[in-house]
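# A structural walkthrough
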Amino acid sequence: MCNNWLKNTLAWSLLLVLLVGCAGQTVQEPEPAQTNPELAKRFAREGQLALEQGRRNAAAEAWQKAVELDPGNAVVVNNLALVMKDQHSFAEAAKLLEAGISNSPEVAELHYNLAVIAELYLLELDRALTHYNRYRVLTEEDDTLVTGWIADLERRLQ
């Protein structure tokens, strides 16, 4: 019985030492991604060439690298999101477009494509309406097609 008590005491002591030792350690935050617009441009061109050659997966991979290196390039973000949509990765495409909009809120095409994906594939009608309206404001056009979609969404949301 004394032997069990000693084993338990030693086990608890070791655990306590481990916990105290870990308490002084700090968890390092992940470093922010490094930006490199020049390298991103190279990946963007590589992606465009791959798309022109019909290699959609290679285009997506190159554009993904370009976005990681330069998340502010709205054209590449938009291109990658459209490829993701074509690959049925609707939620990921919408998330990418949202990130693109946070970096480039005045790019109408990002709003338009997010609205289409939200409405047709994610069935998020409120989100679609918000981005169709923003697209219409940014383009300053009375696009009858988009105006019709907005009216239809408003009717469906009532």
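Use the structure listed above.
To keep things clear, this report deals only with the structure shown in the data block.

About the cut-offs
- Residues numbered from 1 in each chain as written.
- Predicted model: local features only at pLDDT ≥ 70, side-chain atom pairs only at ≥ 80, totals over all residues.
- Heavy atoms only, no water.
- Helix = DSSP H or I, 4+ residues; strand = E, 2+ residues; numbered from the N terminus.
- Buried < 20%, exposed > 50% of the residue type's maximum accessible area, 1.4 Å probe, protein only.
- Contact = heavy atoms within 4.5 Å.
- Areas by Shrake-Rupley, 256 points an atom, 1.4 Å probe, with all protein chains shown as cover.
- Phe/Tyr/Trp six-rings, centres within 6.5 Å; stacked < 30°, edge-to-face > 60°.
- 1 Å grid on protein atoms, 1.4 Å probe; cavity = no way out; pocket = protein on both sides within 12 Å on 5 of 7 lines; lining within 4 Å.
- Points joined across faces, edges and corners; volume = space filled by probe spheres on them.
- Nonpolar A, V, L, I, M, F, W, Y, C, P; charged D, E, K, R; others polar.
- Expected span 1.5 Å × (residues − 1).
- Arc of directions from axis to C-beta.
- Axes fitted to C-alpha atoms, helices over the stretch in contact; angles between N-to-C directions.
- Parallel < 35°, antiparallel > 145°, perpendicular 65-115°, else oblique.
- Left-handed = near helix turned anticlockwise from the far one by under 90°.

## Things to note about the overall build of the protein
- Helix and strand content of the protein: 8 helices and 0 strands.
- Reading the secondary structure of the protein in the N-to-C direction produces α-α-α-α-α-α-α-α.
- For the protein, the proportion of its 158 residues judged to be buried stands at 30%.
- Sequence separation of at least 24 residues holds for 46% of the intrachain contacts in the protein that already meet a minimum separation of 6.
- Total accessible area on the protein stands at roughly 10600 Å², and carbon and sulfur atoms take up 57% of it.

## Comments concerning the packing of aromatic side chains
- On inspection of all chains with the given rule, the structure shows 5 aromatic pairs.
- Taking the centre distance of 6.4 Å and the plane angle of 70 degrees together, the rings of Tyr 112 and Tyr 132 count as edge-to-face. Linking Tyr 112 in helix H6 (residues 108-120) with Tyr 132 in helix H7 (residues 125-139), this pair joins segments that are 20 residues apart in sequence.
- Residue classification places Tyr 112 among the partly exposed positions, given a relative accessible area of 23%.
- Judged by its relative accessible area of 1%, Tyr 132 falls in the buried class.
- Between Tyr 112 and Trp 149 the ring centres are 6.2 Å apart and the planes differ by 35 degrees, which places this aromatic pair in the tilted class. One end of the pair, Tyr 112, is in helix H6; the other, Trp 149, is in helix H8 (residues 144-157), and 37 residues separate them in sequence.
- Here a set of aromatic residues connected by ring pairs shows up, and it is made of Tyr 112, Tyr 132, Tyr 135 and Trp 149.

## Some details on the side chain of Asn 113
- Its location among the elements puts Asn 113 in helix H6.
- With a relative accessible area of 13%, Asn 113 lands in the buried category.
- Beyond its immediate stretch of four places on either side in the chain, Asn 113 contacts Asn 78, Leu 82 and Leu 97.

## Focus: empty space enclosed by the protein
- Taken as a whole and assessed by the stated rule, the structure comprises 1 cavity of 30 Å³ or more.
- Here the largest cavity defines a volume of roughly 30 Å³.
- Surrounding the largest cavity, Pro 37, Ala 40, Lys 41, Ala 44, Ala 66, Asp 70, Asn 73 and Val 76 form its lining.
- Broken down by element, the lining of the largest cavity gets its largest block of residues, 4 residues, from helix H2 (residues 37-52).
- For the lining of the largest cavity, the per-class residue count stands at 5 nonpolar, 1 polar and 2 charged.

## So, helix H5 (residues 90-103)
- For H5, spanning 14 residues, the distance from its first C-alpha to its last is 20 Å, which sits close to the expected 20 Å at 1.5 Å a residue.
- Those residues of H5 that fall on the buried side of the exposure criterion are Phe 90, Ala 93, Ala 94, Leu 96, Leu 97, Gly 100 and Ile 101. Down the axis, H5 shows its buried residues gathered within 160 degrees of arc, on one side only. Away from the buried face of H5 by more than 90 degrees, exposed residues Lys 95 and Ser 102 are located.

## Points about unusual backbone geometry
- In this model, His 88 sits at a positive phi of 65 degrees, which is unusual for a non-glycine residue.
- With a phi close to 55 degrees, Leu 123 is a non-glycine residue in the positive phi region.
- Mapped onto the elements of the fold, Leu 123 is located in the loop between H6 and H7.

## Examining the packing of H7 against H8
- Contact geometry of H7 with H8 gives a least axis separation of 10 Å together with a crossing angle of 150 degrees. Taken together, the axes of H7 and H8 lie roughly antiparallel to each other. Considering how the two elements wind past one another, H7 and H8 form a crossing that is left-handed. Two secondary-structure elements touch here, H7 through Leu 125, Asp 126, Ala 128, Leu 129, Tyr 132, Asn 133, Tyr 135 and Arg 136 and H8 through Val 146, Thr 147, Trp 149, Ile 150, Leu 153, Glu 154, Arg 156 and Leu 157.
- Tallied by class, the residues present in the contact of H7 with H8 amount to 10 nonpolar, 2 polar and 4 charged.

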